[in-house]
Amino acid sequence: MSDMEALVRKSMEGTKAEVLVPNDGEKYEQAIQRWSEHCIQRAKCVIKVSCADDITSALSFIRTQKIPFVVRGGGHSTSSSSSITDGIVIDLSLMRRVTVFPDSKTIRAEGGTLWVDVDEEAAKYDLATVGGTVNHTGVGGLTLGGGYGFLTGKYGLTIDNLLEVDIVLASGEQVTASATLNSDLFWAVRGAGHNFGVVTSFTFQAFDQPRPVFAGPLIFPLAKLPQVVDFVNTFHEINDGNQAILWGVSCPPPAHVPVLLTQLFHNGTVDEAKALFAPLFALDPIANMTASIPYKTVNSLLNPTAGFDGRKQFGGGAFKLPLSIDLVQSLVDKLFAFINARKGMEESLLLFETVPYREVVKVKNDAMAFSNRGEYYNLAIMMKWHDEGMDAEVRNFVRDLAKGAGLAEGAVRKDGEEVKDGVDGVGIYGNYANSDVPASEIYGNNAKKLQELKQKYDPDNLFDRGTRLVSKPVVVMN
Ligand SMILES: Cc1cc2nc3c(=O)[nH]c(=O)nc-3n(C[C@H](O)[C@H](O)[C@H](O)COP(=O)(O)OP(=O)(O)OC[C@H]3O[C@@H](n4cnc5c(N)ncnc54)[C@H](O)[C@@H]3O)c2cc1C
């Protein structure tokens, strides 16, 4: 047993946590798996915590020994913010309990919960909340960075429906943060939560969802891009918040040929949806897998396009409507030029997430740390590849493509421009950005206040992963 392992085991004695080290074989190998293979790192030790007290013990050890660490929620970040080499992982995967309170229509989800846990449990009470569109993502990372979902058009972001968190601070202290308790911490947690502690439970507002929803993919040949862009350009006027359309390009399996994918969503009847999306149905799709389905199923529809194999890199930008076909075509051409010149990248995806923002912009950007509210939509770039030697060039490509989208025609706020009205956001969703994007770009005018709160709640910068608020990590390896 190494010195480190002995120390960890001793400090976690008497707790219910499970400690795993490389010698533990399959259990350890499982514990270091991540959604993206390039984020699989050989941690010195994984502490699978089961409650807040376990986390307090782990943090006490980490502070005393000055050992770098990360926190793992659902393990989906592609910036390695939940994985580490030669350090410790505080792994929340044993903390997945979800409790629904039907009288108050609230949901309490433990810190390591996945969205599938929330969707399934809430559905038992005909309730739902704003969760991610791929249900194996973690509630933790998605919520702490903001959270967009199919219900955003109606109810805003995940954080707009977050009522309270229980959080273990860097000091090991366990506190509750809400609008009335530690409200400054609650402000910071909603958008920059990973910088402030380990959240052990999230309490969300839920909404009645007794009826099925209409959802599913329509797939078109690439040649239909102009007509689909024409339809999307009407979307802001025709939606009432109960709809969304995610659309973009990829070369999905098994054929691996370029296609135009659309994922439709309407929280209502089939007839209403057919009328609203009529111009798309009229375009004679290659495949139509739309159907009326329970809400709890909708966030599983994209799971097959987001499997666990391969190396992946997310990137984000923003776009405004109306989009010009030339801008879209140029982004599509850049994507295909890059992936066609390399092997094994066919499943990369460029996705225009046309999720209505009317509810999102009702909250101002200074109301909480999250700063990406504006009259625009998120562009998601998801690259997939297999060759480790390509990691750096893929990262650079994603950054350039995202910038090209955001700052070209249909642009949102440009570098250095003043924020006009408090809802003129930064134009980049932190959860899609790599961790090398500076805090000022993710948090805009909120970055300064966040740095001040960091001094108050984590003065030694223990939580230094993801978008970094303070540049110098204080904790160093012994
Ligand atoms: C396939 C896929 C689909 C996606 N779809 C959406 C979507 O529909 N909407 C959307 O908004 N985003 C979406 N995202 C982005 C997603 O929000 C981020 O990838 C997010 O970081 C995932 O959270 P996680 O807990 O799974 O990841 P992790 O890698 O485990 O965590 C990400 C960060 O959050 C921290 N963290 C996680 N849990 C906690 C906790 N309880 N306490 C403190 N810190 C914590 C980690 O330390 C890390 O810094 C998607 C991502 C993927 C890969």
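It should be noted that the structure appears before, not after, this text.
Owing to the predicted nature of the structure, the values given are computational and were not obtained by experimental measurement.

This part covers the state of the cysteines. All told, the structure shown has zero disulfides when counted by the stated rule. Cysteine cysteine 51 shares no disulfide, and the gap to the nearest cysteine sulfur, in cysteine 45, comes to 16 Å. Residue classification places cysteine 51 among the partly exposed positions, given a relative accessible area of 25%.

Turning to the site of the ligand, a few remarks are in order. Surrounding the ligand, one finds 32 residues, the nearest of these being Val71, Gly75, Ser82, Thr133 and Tyr429. With respect to the ligand, the backbone of histidine 76 contributes an N or O atom lying 3.1 Å from an oxygen atom. Here an oxygen atom of the ligand and a backbone polar atom of glycine 138 are 2.9 Å apart. With the chains in place, 96% of the 950 Å² that the ligand exposes on its own is no longer accessible. For the shell around the ligand, the secondary structure elements donating two or more residues are β3 (69-72), α5 (139-145) and β10 (198-205). Among the elements that make up the shell around the ligand, the one with the highest residue count is α5 (four residues).

What follows concerns the side chain of serine 79. Relative to the elements of secondary structure, serine 79 occurs in the loop between β3 and β4 (88-91). The exposure class assigned to serine 79 is buried, which follows from its relative accessible area of 18%.

Next up on the list: the packing of aromatic side chains. All told, the structure shown has 18 aromatic pairs when counted by the stated rule. Ring centres of phenylalanine 338 and phenylalanine 397 lie 4.0 Å apart, and the angle between their planes is 10°; this geometry places the pair in the stacked category. Residue phenylalanine 338 is located in helix α13 (residues 325-340), and its partner phenylalanine 397 is located in helix α14 (residues 391-407); the two are separated by 59 residues in the primary sequence. Side by side, phenylalanine 338 and phenylalanine 397 carry an identical accessibility label, which is buried. In this structure an aromatic cluster arises from ring pairing among Trp35, Tyr148, Phe314, Phe370, Tyr429 and Tyr432. It is lysine 274 that lies over the ring of phenylalanine 281; its NZ or CZ is 5.4 Å from the centre. Positioned above the aromatic ring of phenylalanine 196 is the side chain of lysine 454, whose terminal nitrogen or guanidinium carbon lies 5.8 Å from the ring centre.

Calculation criteria
Residues numbered from 1 in each chain as written. Predicted model: local features only at pLDDT ≥ 70, side-chain atom pairs only at ≥ 80, totals over all residues. Heavy atoms only, no water. Disulfide = S-S within 2.5 Å. Buried < 20%, exposed > 50% of the residue type's maximum accessible area, 1.4 Å probe, protein only. Near = heavy atom within 4 Å. Polar contact = N/O pair within 3.5 Å; in protein donor to acceptor, adjacent residues only side chain to side chain. Areas by Shrake-Rupley, 256 points an atom, 1.4 Å probe, with all protein chains shown as cover. Helix = DSSP H or I, 4+ residues; strand = E, 2+ residues; numbered from the N terminus. Phe/Tyr/Trp six-rings, centres within 6.5 Å; stacked < 30°, edge-to-face > 60°. Lys NZ or Arg CZ within 6 Å of the ring centre and 35° of its normal.

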